[in-house]
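What follows is each chain in one-letter form.
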Amino acid sequence: MSQEIIGSGHTYATITDKISSIVLTRKTPHGWLFGFGVGFVLVMLLLVSITYLFVEGIGIWGVNIPVAWGFAIVNFVWWIGIGHAGTLISAILLLLRQGWRQSINRFAEAMTLFAVACAGLFPVLHLGRPWFAYWLIPYPSTMGIWPQFRSPLVWDVFAVSTYFTVSLLFWFIGLIPDLATLRDRSSSRTGRVVYGILAMGWRGSAIHWHRYEMAYLLLAGLATPLVVSVHTVVSFDFAISILPGWHTTIFPPYFVAGAIYSGFAMVMVLAIPIRAVYGLEDFITMRHLQNMAKVMLATGLIVAYGYLMEHFMSWYSAEKYERFMTLNRWGGPYAPAYWALILINIVIPQALWFRRVRSNVIMLFLVAIAVNVGMWLERFVIVITSLHRDFLPSSWNMYYPTFWDWSTFIGTIGLFLALLFLFIRFLPMISIFEMRTLVPRSEGD
Amino acid sequence: MTTKNFWRSLEEYANFEEFQKSLEDEFPPDAAVRQGVVDRREFLSLMSASLALAGLSSCAPAAPEKIVPYVRAPEEIVPGKPLFFATAFPLGGYGLGILAESHMGRPTKIEGNPDHPASLGSTDAFAQASILSLYDPDRSKAITQAGAITTWDAFITNLAAELDPKRLNKGEGFRILTETVTSPTLAAQLKQILQQFPSARWHQYEPVNADSARAASRMTFGRYSDIRYHFDKADVILSLDADFLLSMPGHVRHAREFTARRRVKAGEKEMNRLYAAESAPSVTGAVADHRRAARPSQIQDIASQINDGVAGKGSTGDAWIDAVVRDLQASRGKSIVVAGPHQPPEVHVIAHDLNTKLGNVGQTLEYVDPIEPNPVEQMQSLGDLIKDMQAGAVDLLLIAGGNPVYTAPADLEFAKHLANVRLRIHFSLYEDETSERCHWHIPETHFLESWADIRSDDGTTTIMQPLINPLYAGKSAYELLSAFLGQPTRTTYEILIEAWGQGRNKDEFEKLWRKSVHDGVVAPELNAVGALYERPGRSQTAPTVSNVVAGFSPRSPSDVIEVAFRPDPTVYDGRFANNGWLQELPKPLIKIVWDNVALLSPATAERLNVINEDVIEIKSEGRAVRAPVWISPGHANDAVTLFLGYGRTRAGALGSNRGYNAYSLRTSASPWLIKNAEVRKSGERYALVSTQEHHSMENRNLVRRASAAEYAQRPDFVEAERDTPPGELTLYPEYAPEEYAWGMSIDLSTCIGCNACVIACQAENNIPVVGKIEAGRSREMHWLRIDRYYQGDIHEPEIFFQPVMCMHCEDAPCEPVCPVAATTHSSEGLNEMTYNRCVGTRYCSNNCPYKVRRFNFFNFHSNEAPSMALLYNPDVTVRSRGVMEKCTYCVQRINHARINAKKEDRAIRDGEVVTACQAACPAGAIVFGNIADPNSRVSKLKSEPRNYGVLTDLNTRPRTTYLAKLTNPNPAVKT
Amino acid sequence: MQTGGQRVYMAQIFHRSTNTLSRVSIFGAVFIVAALTTVISILIRSPYFTEARVVRVQPVPFSHKHHVAGIGIDCRYCHTSVEESSFAGIPPTKTCMNCHSQVWADSPTLEPVRASFREDRSLEWTRVNNLPDFVYFDHSIHVRRGVSCTTCHGPVDQMPMTWRENTLFMEWCLECHRHPERFVQIRGQHVDSPRKLTNCSICHR
């Protein structure tokens, strides 16, 4: 019976009760306290790392010449990638009228926001002089000059900020009816006031609903191209350069695919424990998990194709630098990272071909974790191995991450968790009103 | 020409995994930082300050500043305009003529003095870096007695009390130990002292000296005489372990003369030919057409075989030697045989013999009376002193310069016997190992702080003038000796004026003196009539020495390991140990920084079962040192080369406790060679830092090479035009031509990899020193580096040098990727780097195929002493943390030239803009200029068929291009 | 309203007006941002911030108005190196004393000058026109190219106490470097093209 996207016997009331009670009445589970605690500690680690970074300079990281980009960029791309599933699920699946999205889109979107927030940190932190980051924004400065619009880094600023803004709006608008519900059901005055303010006077009148649907649809249409554009632009950071291993036209599509790949993996990683902890198996059913597994399988294959093409091209182009780059990935000092990537990111996910795996929650969870690790490795391989041996052998050198590289990375994971836990504690993690629409007519009022 | 067999890096040749492991051992991912944190703590505060300032400068106006004018302005100084003064840089007693640049009374830069025959306008790395020592905060700052600070007057009174009894006993037990002295005035003063104290003795000692040559000329001619070479007149040159291009007195002139014969125009094939037999690869060996790796002791065998061959004793069966013999015979009177100063006298004698047989004497070289007023065999001289000290016959010892406690050979036990001397006075630039063991220490003035006179290897005398008053309580050697003569109050200037002026009419002398000081070369009239002593005469005596040669000892057995000593290529005998620029200067060929190493050949390393950074123990005569191994392709087998100058205990903050002390193995009997040493692997490892890990060109055609003959047949062998894609392929429009288009040409057949340009660039452009840890993390800041590649057989590889700095590409990959337009293209084709606009994304560096961009990962300047601020070139921004930097083609010099030209309403003349590297280069390999002008020197060079650009297949269209390397191999020798 | 079947009557939390408030805030957001940017960009260009046209206190109340307009002394009499060096030069005390050893030889206001000369101690003026260290401005070439002193320094001859006339912001420099013809009084010779004059390395090295 796992083909259902909602457990049987649910009415409007039961749905509303079940979801809103998580926020309003039910007492905070220990799991939550633990999870948030971990996140909070790691956030402190992040703050320490950043402070030390600002005091000393990016020399505390492992970056050097020739490897002038290290963990910061790897993490940036990784987080941005993860931030993709949200909008994809919400917007595109909405337009495609995929009912099954409705139980996961809410926290998928939240996840997107938090992931992009983490991603957004890195481009600023990795600057030599972060306090001048605002120079990348076009504004009437007293220097009488503008940013350099030919640089992909400037495009990033626009791409990422737009993506963040639209995702935020999309998420917030989606929340409004539920905020209203919470406002009405909240027993405490502060609860009413806060949710009330956020609900922006929603009364659920027909006209409200009418406009609401319209706005939501419009935003969905607006967000859809962004899903593709963001990671395309991010991939330009590499594709625009002349470095062997970066300078290739296949990057945009295969970065987007990779992003969705890791995005869905992350949704899975979050959904599986949460549904267990809050007993939401009725709302996030096996059907959901299986569909997501299929999406992962598909995007994973695209990514694999991407790797294949890279290597084919480096042979087919008969370009000595490209060829050396490929050989260096296979046999160079960083070969272990490369082969780990192939194993974790390409081989392991093939398990998803089997229904037995797809219908086993534990297995799905493990595969999803693997994919997240794998996608991080992919960015590591792309950034480091291409840089550490480029054109002049005289300047070839190695890159070793330092303690501070790791602490900053892990710190952002903490930030992500902390935000996420706050979200599921204070906002409905599943869209109440959209779930209602799934209830078969007969069981309505 | 590059389709030969390659081996990648030694690590792959030896054992890659182990190397990987060793790498992690020495730089575990975060260990480097944890160490780093400690010594970066101290400038944490400055860093936040700089952060704050940077913030201010962006929006708010700077805090109100005071402006402090003169009360009475000196006429010659125009605020904001530099002045140049002629003086000389002394090393090992010999002077190199220089022009010192002064900004508002601060010496900031050293340039060569074109009028000085030893310099001919260029310099070497030591001279360039000497300016840093001037501001070194670790220089000794005060006169001390038993460690307690005291005054000059106190010293004088004490001295007087000491000397009065000495006057009665004729100076019994009074000894003076100096370094090599060529200064006429100083010599005169010493002679006077010896007249006043007849029983006193004057000894001279430097660890790096000309003893072998001296002994040889004694054995040959029965008297001392120096040799002056004219490499520009030689068609064939044989170097017997002689690094005449980098480490012998006069090397700057040698380089100029030698390379003058290696510039070949299209169609020509006239070129000199250099054979080098040597143990450790030197720059001379690297540029040789035929290099023969031989153990130090074998050099003598090779020499005598060649000698026999030239004498007509028939073939030796050794193709190499036979070829040399034939070449030498074929160019009688047009060849030179040079014997290395580190070779025993026998080899020098053979060289005399060969040069005489070949009729070179008077043609390509001449024998001249010694430049030194009082030439001695220094090891002997030191030995005598120590004997007396041991016997307790010395009770007053003045050590005027030098650091014998550190530099004396171990077997003489100088330090031990020094204790027998009742009163010990040490006079030196630093409070060093010797000062520690002396009662008195008198700080010496830096050569830019005092008047002096000095001679260079060719006999030219220079009056050295001060550019700045002594920063610390320094005294000049002249003042010190004058105190011993009972005239403590006389200034150096007075002493010199009197010495040079005596017996001359006042105003005539005044005229000559002014001219001499101004030119940096003593006017001939002044020299000729000079009362000090006459200029050395030429002696054409043709020695006959075969009988001497006959009795030479046979070769040593070949199963033992020989240990050779060499002065360190960057810190010399240890005197530059506290000079950050030289410490961080990658040593030629091995590219090691901040350490000295034990060089081994790959085969010997295999035999000893060691890899790079394994520590070996070298035992001899009960003494031992432990040294880290560095494997050097082309090194002689069964030989280890150790470098002097490290392992110092009181060198200063930078120099102390760094590397191992090779002096502790050295013996007075054979200072340069231990014929039979015990070498074993110790099992320890020691992290070394090399700025170039990879040795092969990976078939990338970076350095292009052909023989002169090949070039004559195929002038277009570089196939430059084949690389560059056609212009229409690029999306961006070509830059519209302007009246100036700056460009550079670097001639790889004349570049000798001597590093002068690297330091010149560092001095000119305020480039910081980053220290061993940061250099080990590949963060060195040199804008100009000299890449070194090996090719061919690992045991006898071809060695290539390639100076690499920003290429100022016309389609620069760095420019379009900068998000804030901090690096841009100027209308004159400069690739500009605007530091104050840079936010530090480092994207430009990633996208630079030449990896010539350098990044300030920390505020590297902030851990410098305040005194260093005086050294900064005021025309170049001092970069702070977080900004990218790189070669600017010395844009400050271009701008000066442009402004001057505009003020005179004319165009900038060809040769008016000279970059720092170009000015320093003794080989004249670097030429800079306006390529929009077809008649400029650089345009002419670029139009030569062997002109090519590196990585032009990327369509970077570099403005810096190279002239392919030409060699002149002897077809009779198979390589 | 409908919540799970049974009716609940509850008090209003918000006054009706909050509806309008919320609407306004939505649109307001956009305009507030715009307004803020404008205000800031005006503020940082204001004399309050740039200290342009603000008189600086000096050890001696030296009046350019009196010396230039009044007596008619040429700028170059004191700022000697303006035509040959990057730095225009601040006169040594000697220059002041050339006249003031006779004129106003014992006026109390000039005591600091005499003191400086007597005790060979420099006068410490407060800098009026100052550029960041990474800007390399050269007086000589500007003067040679026919940029008059007043173009940048304003009517110095009308300044009883000296102030900085202009912001010295980069955008201000660029006004002229982008349109030299507007500011340079050409004395025969040509003016460089803006393309050349806007090379970064013209001012930054």
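Residues numbered from 1 in each chain as written. Chains lettered and ligands numbered in written order. Predicted model: local features only at pLDDT ≥ 70, side-chain atom pairs only at ≥ 80, totals over all residues. Heavy atoms only, no water.

Undergrad: Describe the overall build of chain A, with residues and values.
TA: When helices and strands are tallied, chain A shows 16 helices and zero strands. The C-alpha atoms of chain A give a radius of gyration of 23 Å, which matches the 22 Å a tight globule of 445 residues would have. Across its three principal axes, chain A shows a C-alpha extent of roughly 75 × 60 × 40 Å. For chain A, buried positions account for 63% of its 445 residues. Contacts in chain A between residues at least 24 apart in sequence constitute 82% of all its contacts with a sequence separation of at least 6. Surface summary for chain A: the accessible area is close to 16200 Å², and the carbon and sulfur share equals 74%. Chain A carries 28 positive and 20 negative side-chain charges, and their two centres are separated by 5 Å. (Helix = DSSP H or I, 4+ residues; strand = E, 2+ residues; numbered from the N terminus. Rg over C-alpha atoms; globule rule 2.2 N^0.38 Å. Buried < 20%, exposed > 50% of the residue type's maximum accessible area, 1.4 Å probe, protein only. Contact = heavy atoms within 4.5 Å. Areas by Shrake-Rupley, 256 points an atom, 1.4 Å probe, with all protein chains shown as cover. Lys, Arg positive; Asp, Glu negative; His and termini not counted. Charge placed at Lys NZ, Arg CZ, Asp CG, Glu CD.)

Undergrad: So, the overall build of chain B: which residues are in play, and what are the values?
TA: Tallying secondary structure elements over chain B gives 33 helices and 40 strands in all. Per-residue burial for chain B yields a buried fraction of 67% across its 975 residues. The long-range share in chain B, meaning contacts at least 24 apart out of those at least 6 apart in sequence, stands at 75%. Summed over its atoms, the accessible surface of chain B is roughly 32500 Å², and 54% of this surface lies on carbon and sulfur atoms.

Undergrad: So what's going on with the pattern of salt bridges? Residues and values would help.
TA: Two side chains carrying opposite charge are able to pair once their charged atoms lie near each other. Residues and elements named next belong to chain B. As enumerated under the stated definition, the model contains 81 salt bridges over all chains in all. Note that Asp614 and Arg685 form a salt bridge whose closest N and O atoms lie 2.6 Å from each other. Separated by 71 residues along the polypeptide, Asp614 in strand E24 (residues 614–620) and Arg685 in strand E27 (residues 673–685) bring together distant segments of the chain. Owing to a relative accessible area of 6%, Asp614 belongs among the buried residues under this scheme. For Arg879, the salt bridge goes to Glu885, with nearest N and O atoms at 2.9 Å. For Arg879, a relative accessible area of 2% corresponds to the buried category. (Salt bridge = Lys/Arg side-chain N within 4 Å of Asp/Glu carboxyl O.)

Undergrad: So, empty space enclosed by the protein: which residues are in play, and what are the values?
TA: Residues and elements named next belong to chain B. Put simply, the second largest cavity is a space of about 920 Å³. Along the walls of the second largest cavity sit 50 residues, with Tyr94, Ala210, Met248, Pro249 and Asp457 positioned nearest its centre. Counting residues per element, the ones that place at least two in the lining of the second largest cavity are strand E2 (83–91), strand E3 (94–103), helix H8 (211–221), strand E9 (226–229), helix H9 (251–260), strand E13 (335–339) and helix H13 (345–357). Considering only residue class, the lining of the second largest cavity consists of 25 nonpolar, 16 polar and nine charged. (1 Å grid on protein atoms, 1.4 Å probe; cavity = no way out; pocket = protein on both sides within 12 Å on 5 of 7 lines; lining within 4 Å. Points joined across faces, edges and corners; volume = space filled by probe spheres on them. Nonpolar A, V, L, I, M, F, W, Y, C, P; charged D, E, K, R; others polar.)

Undergrad: How would you explain the interface of chain A and chain B if you had to name every residue and give the values?
TA: The interface of chain A with chain B comprises 64 residues on the first partner and 72 residues on the second. Taken together, the connections running from chain A to chain B amount to two salt bridges. Summed over the shared surface of chain A and chain B, the number is 37 residue pairs in polar contact (both at pLDDT 80 or more). Among the elements of the structure, helix H2 (30–56), helix H6 (152–185), helix H8 (206–239), helix H11 (320–331) and helix H15 (403–426) of chain A are those that each provide at least two residues to the side of chain A that touches chain B. Per-element tally for the side of chain A that touches chain B: the top contributor is H2(A), with five residues. Considered class by class, the residues forming the side of chain A that touches chain B number 44 nonpolar, 13 polar and seven charged. (Polar contact = N/O pair within 3.5 Å; in protein donor to acceptor, adjacent residues only side chain to side chain.)

Undergrad: Tell me about the packing of aromatic side chains, and please be specific about residues and values.
TA: Scanning the model with the defined rule gives 71 aromatic pairs over all chains in all. Centre to centre, the rings of Tyr275(B) and Trp320(B) are 5.9 Å apart; their planes meet at 90°, and the pair counts as edge-to-face. Within this pair, whereas Tyr275(B) is found in strand E11 (residues 273–278), its partner Trp320(B) is found in helix H12 (residues 319–330), the two being separated by 45 residues in sequence. For the pair formed by Tyr275(B) and Trp320(B), the shared burial category is buried. Among the aromatic residues, those joined into a cluster by ring pairs are Phe71(A), Trp78(A), Trp79(A), Tyr334(A), Trp376(A), Phe380(A), Tyr399(A), Trp406(A), Phe409(A) and Phe416(A). One Lys or Arg, Arg425(A), reaches over the ring of Phe426(A) and ends 5.1 Å from the middle of that ring. A cation over a ring is seen here: Lys141(B) above Tyr472(B), with NZ or CZ 5.0 Å from the ring centre. (Phe/Tyr/Trp six-rings, centres within 6.5 Å; stacked < 30°, edge-to-face > 60°. Lys NZ or Arg CZ within 6 Å of the ring centre and 35° of its normal.)

Undergrad: Describe the sheet that holds E13(B), and please don't skip the residues or the numbers.
TA: Residues and elements named next belong to chain B. If you walk across this open sheet you meet the four strands as E12-E11-E10-E13, and the pairing is parallel. The open sheet has two edge strands with one neighbour each: strand E12 (290–293) and E13. Averaged over neighbouring strand pairs, the angle between their axes works out to 10° when direction is ignored. Where H13 meets the sheet, its contacts fall on strand E10 (236–240) and E13, and the angle it forms with E13 comes to roughly 170°. (Pairing = 2+ DSSP bridges. Axes fitted to C-alpha atoms, helices over the stretch in contact; angles between N-to-C directions.)

Undergrad: A description of the layout of surface pockets should follow, citing residues and the corresponding values.
TA: Its boundaries defined by the atoms lining it, the second largest pocket holds a volume of some 1200 Å³. Those elements that place two or more of their residues in the lining of the second largest pocket are helix H10 (286–316) and H11 of chain A together with helix H29 (814–817) of chain B. No other element matches the four residues that H10(A) contributes to the lining of the second largest pocket. Taken together, the residues of the lining of the second largest pocket break down into 24 nonpolar, 10 polar and nine charged.

Undergrad: Outline the side chain of Arg854(B), listing residues and values.
TA: Mapped onto the elements, Arg854(B) comes out in strand E35 (residues 854–855). Buried Arg854(B), no salt bridge; nearest opposite-charge side chain is Glu780(B), N-O distance 4.7 Å. At a separation of 3.4 Å, a polar atom in the side chain of Arg854(B) contacts the main-chain carbonyl oxygen of Glu780(B). Ignoring sequence-local partners within four residues, the contact set of Arg854(B) consists of Ile65(A), Glu780(B), Met781(B), His782(B), Trp783(B), Arg785(B), Val883(B), Met884(B) and Glu885(B).

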